[in-house]
Amino acid sequence: MTKPSSAIDKALAIIEQIASEARPVSLAQLTEATDLPKQTVHRVLQQLEDAGVVQRGVPPHCFILGQRMRDLGLATLKSAIATLPIRAEMERLVADVGESANLGILNGRSVLYLERVESAWPPRFTINPNDQLPAYAVAIGKLLLANLPAPIRKKLIGREPLQRFTEWTITDPVALERDLEETRI
């Protein structure tokens, strides 16, 4: 890796390193990975933390991406969808299958809908892009949850009581876990 020289390059190198890790990253790890002086990494981390781009993880001497970075990532996804032929593909899928098609991502315990194409069937429940619904209560959310590693899935499911939205909503965490295991691709 070429050593970053400008302030922006340094900040981006640190952000990219944090984003590439599966767990919180320490100052020492960032210093080694970016080949920047410890004082520089520390100063840039403080500025990024003040701006909400990174935040303290667990343990508190480590860093993860902050809410501002997550918001930027979601905005980037939404923007990319507008420039890609995703909607045309979803319309083709709906025409072939005769069911509605949704494009969404997990956002914590919720599904954030990025795009939706309705089938000819009368909709019983209207979902629009930017809507967020509890992942355990909607099909796309259950599919996404089912394919997460079990410890992460159990952490997401078990944090709060599960609210019933329809007669088919599974609100028992053990029963939901069984259902997700059957759903796994």
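First, a word on what this report is: a plain description of the structure on this page. Quick caveat: nothing in here was measured; it's all calculated off a predicted structure.

A closer look at the pairing of strand S4 (residues 101-107)
Here is step 1: With seven bridges joining them, S4 and strand S5 (residues 110-117) adopt antiparallel strand pairing. Along S5, the bridge assignment pairs leucine 106 with valine 111.
Here is step 2: Where S4 folds back on S5, the antiparallel hairpin that results is connected by two residues, among which glycine 108 adopts a positive phi of roughly 70°.

Considering the sheet that holds S5
Whether parallel or antiparallel, the strands of a sheet pair through hydrogen bonds between backbone atoms.
Here is step 1: With respect to topology, three strands assemble into an open sheet ordered S4-S5-S6, the strand pairing being antiparallel. The sheet is open, and its two edges are formed by S4 and strand S6 (132-134), each paired on a single side. When the angles between neighbouring strand axes are averaged without regard to direction, this sheet yields 40°.
Here is step 2: Docked against the sheet, helix H5 (residues 86-97) engages S4 and S5, running at close to 80° with respect to S5.
Here is step 3: Here helix H6 (residues 139-146) sits on the sheet and contacts S4 and S5; the angle it forms with S4, its principal contact strand, is near 50°.

Focus: unusual backbone geometry
Here is step 1: Omega for the bond connecting valine 58 with proline 59 falls within 30 degrees of zero, at 5°, which places this linkage in the cis form.
Here is step 2: On the secondary structure map, proline 59 appears in the loop between strand S2 (54-56) and strand S3 (62-65).
Here is step 3: One non-glycine residue, aspartate 35, lies in the positive phi region at around 60°.
Here is step 4: Counting through the fold element by element, aspartate 35 comes out in the loop between helix H2 (27-34) and helix H3 (38-50).

Conventions adopted
- Residues numbered from 1 in each chain as written.
- Predicted model: local features only at pLDDT ≥ 70, side-chain atom pairs only at ≥ 80, totals over all residues.
- Heavy atoms only, no water.
- Pairing = 2+ DSSP bridges.
- Helix = DSSP H or I, 4+ residues; strand = E, 2+ residues; numbered from the N terminus.
- Axes fitted to C-alpha atoms, helices over the stretch in contact; angles between N-to-C directions.
- Contact = heavy atoms within 4.5 Å.

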